[in-house]
Amino acid sequence: MNRIIISTSLLAALMLASPAQAYDDLRKPPADPSGTVREPLTETGIQQELDQRLLQRFKAAAGSSPRLTKQQAKDANWGFIADHFAEIDTAGAGYVSFDQIQAFMDARSIGATAKARVKARASTVKTIE
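Residues numbered from 1 in each chain as written. Predicted model: local features only at pLDDT ≥ 70, side-chain atom pairs only at ≥ 80, totals over all residues. Heavy atoms only, no water.

Attention now moves to a nonpolar patch on the surface. A cluster of nonpolar side chains, Leu41, Ile46 and Leu50, forms an exposed patch at the surface whose accessible area comes to about 320 Å². For Leu50, the position within the fold is in helix H2 (residues 43-62). Residue class for Leu50 comes out partly exposed when judged on its relative accessible area of 46%. (Patch = residues over 30% accessible without salt bridge, like charges linked within 9 Å, V, L, I, M, F, W, Y side chains within 5 Å. Areas by Shrake-Rupley, 256 points an atom, 1.4 Å probe, with all protein chains shown as cover. Salt bridge = Lys/Arg side-chain N within 4 Å of Asp/Glu carboxyl O. Helix = DSSP H or I, 4+ residues; strand = E, 2+ residues; numbered from the N terminus. Buried < 20%, exposed > 50% of the residue type's maximum accessible area, 1.4 Å probe, protein only.)

In structure tokens form, the structure reads like this:
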């Protein structure tokens, strides 16, 4: 019986203590070295970073080839591209280029930079036809 009373008392004391915050156990990142200049985040800068990462991923999957097959995408664990391969390969060629993947990704982007590229591609296609 004494154990229950002590446990209940302890529980009551803990409930009255200041509440813990969900982020209390997270550490802060180290401060930047002296003289570090961080460029402000802009939509254009973010889009450039995304484009670089997409190109790196493409090169890692396709190797030295300018074409990527569905199997290469699968082998590189690039499931999103493998899953949507038929949508990207609109000509049914069995392979896609970096530009086709970038156009596919741009069409799904909410960023103004990507949307502008989609619009530019559309106007280029209309001009050629």
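Still more to cover.
Quick look at H2 now. Between its first and last C-alpha atoms H2 spans 28 Å; for 20 residues at 1.5 Å apiece the expected length is 28 Å, and the two agree. All buried positions along H2 are accounted for by Gln47, Asp51, Leu54, Phe58, Ala61 and Ala62. Each buried residue of H2 sits inside an arc of 95 degrees when the element is viewed along its axis, so together they form one side. Facing away from the buried surface of H2 by more than 90 degrees, the exposed residues are Arg53, Gln56 and Ala60. Positive phi appears at Gly63, one or two residues downstream of H2, with a value of about 70 degrees. (Expected span 1.5 Å × (residues − 1). Arc of directions from axis to C-beta.)

Here the focus is the nonpolar core. Counting residues in hydrophobic clusters, the biggest one holds 15 residues, and the most contacted among them are Phe58, Leu68, Trp78, Ile81 and Ile101. Of all the elements in the fold, those that place two or more residues in this core are H2, helix H4 (79-83), helix H5 (85-88) and helix H6 (98-107). By residue number, the principal contributor to this core is H2, which donates four residues. What Leu68 contacts, discounting residues up to four positions off in sequence, is Phe58, Ala61, Ala62, Ala73, Trp78, Ile81, Phe85, Gly94, Tyr95, Val96 and Ile101. (Core = buried A, V, L, I, M, F, W, Y, C linked by side-chain atoms within 4.5 Å. Contact = heavy atoms within 4.5 Å.)

What follows deals with unusual backbone geometry. Even without being glycine, Asn77 reaches a positive phi, approximately 60 degrees. Mapped onto the fold, Asn77 is located in the loop between helix H3 (70-75) and H4.

Here Gln102 is to be found in helix H6. When residues no more than four places from it in sequence are discounted, the contact partners of Gln102 are Asp51, Leu54, Arg117 and Arg121.

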